[in-house]
Amino acid sequence: MRPQVLIEGENIYQAMVNFLAEKLAGNCKRLENDPVFRREFYREMGACGIMGMAGPKPYGNSFSCRRMASIFEEVAKSSVGLAISLAAHTICVYMIGRWGSETRKKRLLPALCRGEKLGAFCLTEPKTGSDAKNLAMRAVSSPEGYTLQGTKTFVTNGGEASVYIVLARVNCPGEDNPGGGKITAFIVEDTVANMVIKPYREQKVGFGSFPIALLCFKGSVVAKENRLGEEGEGFRLAMKTLEVGKVNMGAIGVGLAEAAYRSAVAYARRRKQFSRRIADFQAVQFMLVDMYTKIKAARLLVRDAAEQLDTGRAEGYESAMAKCYATDIAIQVVTDAAQVLGGAGLLVHSLEKNLWEAKLLQILEGTNQIQRMIIARHLLE
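1. Some details on the overall build of the protein
Counting its regular elements, the protein contains 12 helices and 10 strands. When its C-alpha atoms are laid out on the principal axes, the protein stretches across 80 × 50 × 45 Å. Buried residues in the protein amount to 54% of all 381 residues. Within the protein, contacts between residues at least 6 apart in sequence are counted, and of these 74% link residues at least 24 apart. Total accessible area on the protein stands at roughly 17600 Å², and carbon and sulfur atoms take up 53% of it. If you average the places of the 50 positive and of the 39 negative side-chain charges in the protein, the two averages end up 3 Å apart.

2. Observations concerning the nonpolar core
For soluble globular proteins, nonpolar side chains are generally found buried alongside one another. If you look at the biggest cluster of nonpolar residues, it comprises 123 residues, and the most contacted ones within it are Ile50, Tyr164 and Val188. Ranked by residue count, the leading element in this core is helix H7 (residues 234–270), at 18 residues.

3. Comments concerning helix H6 (residues 102–113)
Counted at 1.5 Å a residue, the expected span for H6 with its 12 residues is 16 Å, and the 16 Å between its end C-alpha atoms agrees. Once H6 finishes, Gly115 follows within two positions and takes phi at roughly 80°, a positive value.

4. Regarding the side chain of Asn27
Its location among the elements puts Asn27 in the loop between helix H1 (4–24) and helix H2 (28–33). Of note is the side chain of Asn27, whose polar atom sits 2.6 Å from the backbone oxygen of Lys23. Ignoring any residue separated from it by four or fewer positions in sequence, one finds Asn27 in contact with Phe37 and Phe41.

5. Quick notes on the pairing of strand E7 (residues 212–222)
The element E7 is largely enclosed, with a buried count of nine among its 11 residues. Of the pairings in the sheet, the one linking strand E6 (residues 195–199) to E7 comprises five bridges and is antiparallel in character. Its bridge partner being in E7, Pro199 is matched across the sheet by Ala213.

6. Focus on the packing of aromatic side chains
Applying the stated rule across the entire model yields seven aromatic pairs. Each ring, one from Phe37 and one from Phe41, has its centre 6.0 Å from the other, and the planes form 40°; the classification is tilted. Within this pair, Phe37 and its partner Phe41 are both found in helix H3 (residues 35–47), separated by four residues, close to a single helical turn. Phe41 gets classed as buried once you look at its relative accessible area, which sits at 1%. Taken together, a centroid distance of 6.1 Å and an interplanar angle of 80° make the contact between Tyr94 and Trp99 edge-to-face. You'll find Tyr94 and Trp99 in the same group, each marked buried. A network of ring pairs unites the aromatic residues Phe19, Phe37 and Phe41 as a single cluster. Arg67 extends its terminal NZ or CZ atom over the ring of Phe63, reaching a point 5.7 Å from the ring centre. Here the basic side chain of Arg276 rests over the ring of Phe281, its NZ or CZ set 4.6 Å away from the ring centre.

7. Comments concerning the packing of helix H9 (residues 317–341) against helix H11 (residues 351–361)
Helix-helix packing is described using two parameters, namely the angle between the two axes and the distance between the axes. Two elements in contact, H9 and H11, have axes whose closest approach is 9 Å; the angle formed by their N-to-C orientations is 165°. One way to sum up the angle between H9 and H11 is to call them roughly antiparallel. For H9 against H11, the interelement crossing comes out left-handed. Between H9 and H11, the residues in contact are Lys323, Thr327, Ala330, Ile331, Val334, Thr335, Ala337, Ala338 and Leu341 and Leu351, Asn354, Leu355, Ala358, Lys359 and Leu361, respectively.

8. Let's talk about the pairing of strand E1 (residues 119–122)
Side-chain alternation along E1 places Gly119 and Phe121 on one buried face and Ala120 and Cys122 on a second face that is also buried. Alignment of E1 against strand E4 (residues 163–171), held across four bridges, turns out to be parallel. In the sheet register, Gly119 faces E4, and the bridge partner there is Val163.

9. Focus on the pattern of salt bridges
A complete count under the given rule lists 19 salt bridges for this structure. Across the salt bridge formed by Glu74 and Lys77, the nearest N and O atoms sit 3.1 Å from each other. Taken together, the residues span about one helical turn, with Glu74 and Lys77 both in helix H4 (residues 65–78) at a distance of three residues. Salt bridges here are not isolated pairs; linked through shared partners, they connect Glu73, Glu258, Arg262 and Arg299.

10. Let's talk about the environment of Ile197
In this fold, Ile197 is placed in strand E6. Linking Ile197 and Leu288, residues 91 residues apart in sequence, is a C-alpha distance of 45 Å.

11. Looking at the confidence of the model for the protein
Per-chain confidence: the protein averages 90 in pLDDT, with 92% of residues scoring 70 or above. Throughout residues 1–8 the model reports pLDDT below 50, and contacts reaching past four residues in sequence, or to other chains, amount to two contacts.

12. Comments concerning the packing of helix H8 (residues 282–310) against H9
For the pair H8 and H9, the least separation of the axes is 9 Å and the interaxial angle reads 160°. Between H8 and H9, the crossing angle belongs to the class labelled roughly antiparallel. Our pair here, H8 against H9, has a crossing hand that is left-handed.

Rules of the game
- Residues numbered from 1 in each chain as written.
- Predicted model: local features only at pLDDT ≥ 70, side-chain atom pairs only at ≥ 80, totals over all residues.
- Heavy atoms only, no water.
- Helix = DSSP H or I, 4+ residues; strand = E, 2+ residues; numbered from the N terminus.
- Buried < 20%, exposed > 50% of the residue type's maximum accessible area, 1.4 Å probe, protein only.
- Contact = heavy atoms within 4.5 Å.
- Areas by Shrake-Rupley, 256 points an atom, 1.4 Å probe, with all protein chains shown as cover.
- Lys, Arg positive; Asp, Glu negative; His and termini not counted.
- Charge placed at Lys NZ, Arg CZ, Asp CG, Glu CD.
- Core = buried A, V, L, I, M, F, W, Y, C linked by side-chain atoms within 4.5 Å.
- Expected span 1.5 Å × (residues − 1).
- Polar contact = N/O pair within 3.5 Å; in protein donor to acceptor, adjacent residues only side chain to side chain.
- Pairing = 2+ DSSP bridges.
- Phe/Tyr/Trp six-rings, centres within 6.5 Å; stacked < 30°, edge-to-face > 60°.
- Lys NZ or Arg CZ within 6 Å of the ring centre and 35° of its normal.
- Axes fitted to C-alpha atoms, helices over the stretch in contact; angles between N-to-C directions.
- Parallel < 35°, antiparallel > 145°, perpendicular 65-115°, else oblique.
- Left-handed = near helix turned anticlockwise from the far one by under 90°.
- Salt bridge = Lys/Arg side-chain N within 4 Å of Asp/Glu carboxyl O.
- pLDDT = per-residue confidence, 0-100.

Here is the structure:
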């Protein structure tokens, strides 16, 4: 007999999959264009457990990395933008659940896991992207807490999120060393004073279903209890969390590729040229076979990386490989799917948008060039 807790977990997971199949596909355009509807959709996802996947019991579902990855794949089949928004929220929930104080967990996690509040993660700065250790944002320690000074950019969910995880360098009063200070992670709520949010609206190419913003902190004070972990642990905690985030980003790449592949197969079966379905031409068949093989390989790589994290055997390069390969094949599969559809792929289909989305996946959670550096260090150390 299977353990009851496992059966209950499977039931929750299946309810999530059913919800996505029934509600998501038909609402993609509204999610892209209607922030009010998007917020209500977050609540619906929260009600069936999706927003709290990474949350610890009793607040969330405490899902394994493998199970979370499969949900991200399902979401991405319909909406990559929503999947990216959910990924940023999940990082916020994960970090608070693992390293937040008990009072902050009790106060923030219930609403985050129910989808009543949205989370975000702030690492990138105007002059600091891949070189994350070189961030310039400051947090000056004082008896009242920490005073934040600096700017974060390309913040997914920025402007709609209620809770932000912010990384900054901690200095004592009077210190002014741009390269010094201990990188530390903080919980910052949207009600904090002296935080200015500047959304990127007209500068984005697509991706309406997740907002991006620049956040300026001009002396925002947060309590010491809002610190995650100890002073100086922020970078390590962020990198551990991004291992999970990279697996999720790989799963999103698989979902996007799967959706593009299905579109190409359906079109090849109904489109006729020279009195035959184009699916009957060997050239098209070989393209579809290659697409399917790449998707299968990427899915297995993502699952393996997730299992390594779940069992505690991960060494860091597994999630890098999964993210790098899955997002690389996403852009390859979308490009080939557009080739199968021909002109229809650019004029009457979503594949043009999918191409931009696939390109973005190669950049998020660390560019694929950075992922290759991580993998190379493991191979050559």
